[in-house]
Amino acid sequence: MSGITIARMTRRVVAVALLGAAVLGGTPCVAHAQGTWQSTLQPRDLDGNTANGPEAFYDTVLRITWLRDADVKGLMDWGSANAWASSLVVGSVGGWRLPTIVDTGRRGCDWSNDGSDCGYNPRTRDSSRTYSEMAHLWYVTLANKGYFDTAGTPVQPGWGLKVTGDFQKVRSYGYWSNVDYAKDRAYGWFFGFAAGGQDRIDKHNMAFALPVHDGDVGAPIPRP
């Protein structure tokens, strides 16, 4: 077996272990706010009560509104998470969904820095489309670093969920997307907030849900 093959297998084992910890095991934890996300995430009031702060943030780059509370419902399987998000009403605002990604249909994945739909440092957005709303939030808006850097080197300094902005209860764990895996509908796509990995797993697994809404909803309010 070649050294290149062994290296790829090693990256795969490490990556799967990290993704598994983010979704299936360990204790969910919360990171504290820091970073330069303030200009992108604009506070929005949804319930008419500005005294309790914003319920959501409008993402001025992706043009979607993120719910502020990143753990409203707790751990759910893929089907339950999507059904819950679609029926959610916050204040008087319905029409929520889970974040989306683009399933490119490519076979395999370089777990270090694939640059497409799976692995670390996945494609986030270009001039024509958004490829992963959660990856863009985690890597670009909040400026977190993946376990692998973009050169494929593991354990880069400062990796992991270090920045959460003004979101509440962001878990260092897996979060479901609304997209199932095109090659096998028994699997759904998720994003690992623990280490920045994106992958598909069996829909019966348990992960968190962070709803989003298309467009700008709610009333602008000052940042808390």
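Residues numbered from 1 in each chain as written. Predicted model: local features only at pLDDT ≥ 70, side-chain atom pairs only at ≥ 80, totals over all residues. Heavy atoms only, no water.

Visitor: I'm lost on helix α3 (residues 133–141) in this one. Help?
Guide: Owing to its 3.6 residues per turn, the α-helix aligns residues three or four sequence positions apart on the same side. Most of α3 sits inside the fold, with eight of its nine residues counted as buried. Among all positions of α3, only E133, M134, A135, H136, L137, W138, Y139 and T141 are buried. The distance from a side-chain oxygen at the start of α3 to the backbone nitrogen of A135 is 3.1 Å, and the residue carrying that oxygen is S132. Residue A143 follows α3 closely and has a positive phi angle near 60°. (Buried < 20%, exposed > 50% of the residue type's maximum accessible area, 1.4 Å probe, protein only. Helix = DSSP H or I, 4+ residues; strand = E, 2+ residues; numbered from the N terminus. Polar contact = N/O pair within 3.5 Å; in protein donor to acceptor, adjacent residues only side chain to side chain.)

Visitor: Could you clarify how one ought to interpret unusual backbone geometry in this entry?
Guide: Note: most residues except glycine have negative phi, and most peptide bonds are trans. Phi is positive for R63, close to 60°, though the residue is something other than glycine. Relative to the assigned elements, R63 resides in the loop between β2 (56–59) and β3 (64–67). Judged by its relative accessible area of 60%, R63 is exposed. With a phi close to 60°, A143 is a non-glycine residue in the positive phi region. Residue placement: A143 occurs in the loop between α3 and β5 (174–180).

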